[in-house]
Amino acid sequence: MLAFRLARRELRTGVRGLWIVLLCLALGVAVIAAVGTLRAATDRGLAQDGRRILGGDIEVESGSQPLPDTLRAWFRARGAALSDVVQMRSMLVAPSGERQLVELKAVDGAWPLVGEVGINGVPTRGIASPVAAPVAATDRAPAAAASPPLYAEQVVLDRLRLRPGDTVRLGSASFTVAGALTAEPDRVASPLILGPRVLIPAAALPATGLIVPGSMVQYALRATLPAPDTAAGTLAELRREFPGQGWRLRQPRDAAPGVSRFIDRTSLFMTLVGLTSLLVGGIGVANGVRAWLDARARTIATLRCLGASSALVFAVCLIQVLALALCGILVGVVFGAALPFLLTAWLAGVLPVPPVAGVYPAPLLLATAYGLLTALAFSLWPLGRAARIPGAALFRDALAPSRTRPSRPLLLANAGVGLALVALTVATATDRQFALWFCTAALGTLVLFRLGSSAVMLAARAGVLAGSPAARLGFANLHRPGSTAPMMLVSVGLGLSTLAAVALIEGNVQHEIRDQLPADAPSFFFVDIQDSQLPRFESLVRAQPGVEDLRQVPSMRARIVAVNGVPADQVNATPETRWALRGDRGLTYAAAQPAGTRLVAGSWWPADYDGPPLVSFDAGLARGWGIGIGDAIRVNVLGRDIDLRIASLRDIAWQTLSLNFTLVASPGLLQRAPHGHIATVRVAGPDQGNLLRVVTDALPNVTGIRVEDVLAAVAALLNQVAVALTATGSVTLVAGILVLVGAVAAGQRRRTQEAVILKALGATRRQIRTAWMVEFGSLGVAAGVIAALVGTLASYAVTHYLMHIDFVFLPGTLAATLLTSLAMMLGFGYAGTAAALRAKAAPMLRNE
C-alpha cells in the first residue's frame, strides 16, 4: 500500500519523460488490435454469407466433365432445389470487330438459389431466359427477338463501346446486350487477371460451340436443402453414395477456401508487422524508462538514503510504468477496434468479403496481452537495475554508470516474460513454423544491431574514426557514459530493415514476372483448338505477317484424385504446393522429350513406348508431396480414373512462358482419348491484333489470350500489393522514429549542458554542430548498413524458401535504405542541436 501511495502521489505531478512509452505501446497495440478485429469481422462475414457465396447449401464441382443426371435425381429425392452453373473463358466480339477476353458464366433459370443478381444496379431474382430481355430504348435498333440476352460488367461495355440492344458474338452464337452486370451473389471479389465477367443463359451455351472435347470448362451443381443445417450430413451421405468420383464437394463453411487462406496469410503478415512495431516500441519503452529514471535519480537516491528498500523502490517505479503502459495499451486497443469501423466503406471494396463491423473481444484481449508482455519485457531490466544501485551511486550514475544488474529472480522473471511473448506469438499464428522463424529472426536482428552499435562505440573509443577536433568530439559522444547510441541504432535500424526487406521482395517479384520475360516469349496462347481444326489453325497463323514462331501440343483437362492411393484432399502436401490438388490441371502427352526439358531424376520413356501410362512430373510439387520415381498419381480424365506412374521429375521454368505442363504423360491410352490442342504464337507487335481477329473469326470456339495483357494485369496487381506492403511496413519505421525522437529528447538536457560549457570554453556554434552531426551521421550510416544486410537476408529467405524464385541483388534499393537512414539521423540530430544551441549560458551556469 505504501508503494501504491507513493506511486499515486508522484503520478499526480505528471508523467513527463514517459510519454514515449505510451506512444510506442499505443502504436504497436493499435496495429495488432486493428488486424485482429478486421480478421474477425471478415471471418464473421464469411460465416454469415457462406450460403450466398457458395450459391446454396452444397456445391458439387466436377471440373471439365458434366455431372450425371443420377446426381440431380438423388438431390431431388431429398427435396433439394438445384441450379447448374458452367464457367469458362471465351472471346466476346463486338459489332466493331473489337474483342475482349472474358470469364463466361452460363446459368439456368433457377440461378441464383440464394441472394439476388444486380442488373444496372437493380436487384433481381434471375436473368436466364431463352429470348432477349427487354432493353432500354436507345437510338440503336434492337436486335432480333430470338437473340438470347447477355449481361456484362461495365468494364466490358466501356472497353468495347457497347450499349443495351447491341448484338455481340460469343463463339458461333449471337447475343443481345441486355444490361450491365453490377452484382453477382455467388462471386467473391477477386482481381481480374484474365478477364471480366459475362453472364448468359445456360440454354444458349450449346449454340456457341464453345463446349468441345478438351475445353477448359468447369461444371458445378448447387443445391439448397429443406433444412440447411443438414448440409454436413448430406455431404457425408453423398460421398458414400457416389464414391471415387473425384468431385469437389463444398458446404457454406468451405465457400471460399481461397479467401480464408488469403485472410490468414494477410493477417499473419500484418500481425507480425505489428509485433515488429511493438519490438521497436519496446526499445522505446526501455529508453523511456531509462531516461525517466535518470530524471528521477535524485528522488530515488533520496528514498534509498532514507531507508527505502530496493523492493519498495522497484514496486513504486513498476506501478508507475505499468500505469502508463496500460494507458498506452488502452489507447491502442480503442483505436485498433475503431479503425475497421472508420474504414468500413473503403474495406468493403478492397477485401474479398465485406467485413461485419462489431466489437470482437478476443483480438482486443490478444493485443492487450502483447502490449503488456512487451512493456514488462523491456522495462523490468532498467527498473530492477535502478532499484539495486546504492543511493550515493545513483547521484553519479549518469556520468559513471554502475555495473549493477537486476537480482537473479528478476532476471528469471524477465526471461520468462520474453519466452511468454514468443509462445503467445507462435500459439496464435496461423502458420506457427513461420511465426517461430520470425521470432528467431527478430531476436537475431536485435543482437546484430546491438553488436553493430558496440562495434561503432569501440571504433570511436579506439580512435579509428579520429579526424578534426570537432569530429573527435562527435565520435567521443558515441562512447561517453550514458550514450543512447545503441537505442537509436536499434530503433531506426529495425524499421529500415522492414522497409528494405519489403522493397527487395517486391522488386524481386517484379523482376521475376516482368524483367525476366525472355526475348522469345510468346505473344499469344490459343486454347481449345480441336483436332480437326489444327491444320486450318496452323495455316491461318503461318499466313499472317509478322509470325515468327508457332508451337502446339495436345491438351486435355485432368483432375488429380489420389496420390499413392491417398485421396487428394488427404495428401500431406506443403501449403505452397496444395494448389495443384485442387481443380483441374493441364495434361499433355509426348513420345520424345520436349526441347528445353531439364530432368532432375529418372529418365524419359522410349519413343516407341506402348506400356502402362507413365508421367513426367513437376519436381517442385513432388518435393512438396513427398513422392518420387515409381510413385503413382491417379488422375480423372473425361470421367475415367487413370493411374500414372512417375518415370521422371522435371525442373520447370515457368517464367519462360513456354508450353509447360505439370503432367506430361506417355502416348498410348491418352493419345486415343478425345482431346484438343493448345498453341503459342510469337508475332510482331503491330500484327498482333490482326492475328487475333483472323483466328477467332475463322475458329469461333478458339480463345486467344494475349500474354502482354495478362502480364500488365499482374504487374498492376503487384503494384497495388507493393503499395499496401510498403504502407504496412512503414508502421515499423514510424515506431522507430518515435523511439528516435524519444532518445533525442531524453538526452536533450545533457546536450544543452554540453553546448553551454563548450561555448563558455570558446567553441563556436559551427564546431558544436559539426560534432553532433558527426555523431548522428555515424549512427545513420551504421544503421543503414546493418538494415541493408538484414533486409537482404530476410528478402532472400522469403523469395528463395517461400516463393521459390531466384533472388536478385538490387543495390539501388539498398542505397535508398542507407540514404533514408542517414537523412533521418541527421534531420533529428540537427533539430536537437539547434534547440541546444539556443539555450542561454548564464542562467544554466548559475543554476549549476
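Residues numbered from 1 in each chain as written. Predicted model: local features only at pLDDT ≥ 70, side-chain atom pairs only at ≥ 80, totals over all residues. Heavy atoms only, no water.

Student: Which parts of the structure should I look at to understand the overall build of the chain?
Tutor: When helices and strands are counted, the chain shows 25 helices and 22 strands. Across the 848 residues in the chain, those meeting the buried criterion constitute 50%. Restricting to contacts in the chain with at least 6 residues of sequence separation, those with at least 24 account for 81%. Looking at the chain as shown, the accessible area adds up to about 37600 Å², and 61% of this sits on carbon and sulfur atoms. (Helix = DSSP H or I, 4+ residues; strand = E, 2+ residues; numbered from the N terminus. Buried < 20%, exposed > 50% of the residue type's maximum accessible area, 1.4 Å probe, protein only. Contact = heavy atoms within 4.5 Å. Areas by Shrake-Rupley, 256 points an atom, 1.4 Å probe, with all protein chains shown as cover.)

Student: Even after reading the chapter, I still don't get the side chain of Ser453, so can you show me in this structure?
Tutor: Checked against the element boundaries, Ser453 lands in helix α15 (residues 432-462). Under the relative-accessibility criterion, Ser453 is labelled buried at 2%. Setting aside its immediate chain neighbours within four residues, Ser453 contacts Pro486 and Leu489.

Student: What should I look at first to understand the pattern of salt bridges in this one?
Tutor: For side chains of opposite charge, pairing can occur when their charged atoms come near one another. This structure, assessed with the given rule, holds 20 salt bridges. Between Asp697 and Arg169 there is a salt bridge, with the nearest N and O atoms lying 2.8 Å from each other. Of this pair, Asp697 sits in helix α20 (residues 688-698) while Arg169 is found in strand β7 (residues 167-170), placing the two residues 528 residues apart along the sequence. Asp697 sits in the partly exposed class, given a relative accessible area of 42%. Note that Asp643 is salt-bridged to Arg634, the shortest N-O span being 2.8 Å. Beyond isolated ion pairs, a larger network of salt bridges with shared partners links Glu59, Lys105, Glu184, Asp186, Arg197, Arg222 and Arg250. (Salt bridge = Lys/Arg side-chain N within 4 Å of Asp/Glu carboxyl O.)

Student: Looking at this structure, I do not really get the nonpolar core. What am I missing?
Tutor: Note that soluble globular proteins tend to have their nonpolar side chains buried in a common cluster. Counting 83 residues, the largest nonpolar core has Leu293, Leu383 and Phe449 as the members making the most contacts within it. Core analysis: the second largest hydrophobic core is formed by 33 residues, Met91, Val527, Leu550 and Val714 among them. (Core = buried A, V, L, I, M, F, W, Y, C linked by side-chain atoms within 4.5 Å.)

Student: Quick question: what am I supposed to make of a nonpolar patch on the surface here?
Tutor: Together, Leu443, Val447 and Leu451 make up a nonpolar patch on the protein surface, roughly 300 Å² of accessible area in all. Overall, Val447 belongs to the partly exposed group, its relative accessible area being 44%. (Patch = residues over 30% accessible without salt bridge, like charges linked within 9 Å, V, L, I, M, F, W, Y side chains within 5 Å.)

Student: Help me understand the packing of helix α18 (residues 534-543) against α20, please; the structure alone is not making it clear to me.
Tutor: Between two packed helices, what matters for the description is the angle formed by their axes and the separation of those axes. Where α18 contacts α20, the two axes come as close as 10 Å, and the packing angle between them is 155°. Judged on the interaxial angle alone, α20 and α18 are roughly antiparallel. For the pair α18 and α20, the crossing hand works out as right-handed. Along the contact surface, α18 presents Arg536, Phe537, Leu540 and Val541, while α20 presents Leu691, Val694, Val695 and Ala698. (Axes fitted to C-alpha atoms, helices over the stretch in contact; angles between N-to-C directions. Parallel < 35°, antiparallel > 145°, perpendicular 65-115°, else oblique. Left-handed = near helix turned anticlockwise from the far one by under 90°.)

Student: Please clarify how the packing of aromatic side chains should be interpreted in this entry.
Tutor: In total, this model carries eight aromatic pairs according to the counting rule given. Consider the rings of Phe526 and Phe537, whose centres lie 5.4 Å apart with planes at 65°: the pair is edge-to-face. A residue pair is termed long-range when its members are at least 10 positions apart, and Phe526 in strand β12 (residues 524-530) and Phe537 in helix α18 qualify at 11 residues. Of the residues examined, Phe537 reaches a relative accessible area of 0% and is grouped as buried. By way of ring pairs, the aromatic residues Trp74, Phe75, Phe242 and Trp247 are connected into one cluster. (Phe/Tyr/Trp six-rings, centres within 6.5 Å; stacked < 30°, edge-to-face > 60°.)

Student: What am I meant to see in the pairing of strand β9 (residues 197-201) here?
Tutor: When a strand is regular, its side chains alternate between the sheet's two faces. Where burial is concerned, most of β9 is hidden: five out of the five residues are buried. By the bridge criterion, five bridges tie strand β3 (residues 99-107) to β9 in an arrangement that is parallel. Each bridged residue has a counterpart across the sheet, and for Ala106 the counterpart in β9 is Ile200. Alignment of strand β6 (residues 149-152) against β9, held across two bridges, turns out to be antiparallel. (Pairing = 2+ DSSP bridges.)

Student: Could you clarify how one ought to interpret unusual backbone geometry in this entry?
Tutor: Among all residues save glycine, negative phi is the norm, and among peptide bonds the norm is trans. For the bond from Trp111 to Pro112, the omega torsion is -5°, close enough to zero to count as cis. Mapped onto the secondary structure, Pro112 falls in the loop between β3 and β4 (117-119). Phi at Asn564 takes a positive value of approximately 55°, unusual for a residue other than glycine. Mapped onto the elements, Asn564 comes out in the loop between β13 (547-563) and β14 (566-567).

Student: Would you mind going over a positive patch on the surface with me for this structure?
Tutor: A cluster of basic residues, Arg5, Arg8, Arg9 and Arg12, forms a positive patch on the protein surface. By the element assignment, Arg12 lies in helix α1 (residues 2-12). (Lys, Arg positive; Asp, Glu negative; His and termini not counted. Charge placed at Lys NZ, Arg CZ, Asp CG, Glu CD.)

Student: Teacher, can you tell me more about the environment of Leu496 here?
Tutor: With respect to the helices, strands and loops of the structure, Leu496 is situated in helix α17 (residues 485-515). Exposure remark for Leu496: the relative accessible area of 3% places this residue in the buried category. Sequence separation of Leu496 and Thr817 is 321 residues, and the distance between their C-alpha atoms is 6.6 Å. If we ignore the near neighbours within four places in the chain, the residues touching Leu496 are Leu733, Ala787, Thr817, Thr820 and Ser821.

Student: Would you mind going over the environment of Leu318 with me for this structure?
Tutor: Note that Leu318 resides in helix α10 (residues 310-342). Classification of Leu318 as buried rests on a relative accessible area of 17%. On a C-alpha basis, the gap between Leu318 and Leu383 in space is 7.0 Å, while along the polypeptide they are 65 residues apart. When sequence neighbours within four positions are dropped, the list of residues in contact with Leu318 reads Leu376, Leu380 and Leu383.

Student: Where do I start with the side chain of Gln544 in this structure?
Tutor: Mapped onto the elements of the fold, Gln544 is located in the loop between α18 and β13. A polar side-chain atom of Gln544 sits 3.3 Å from the main-chain carbonyl oxygen of Leu540. (Polar contact = N/O pair within 3.5 Å; in protein donor to acceptor, adjacent residues only side chain to side chain.)

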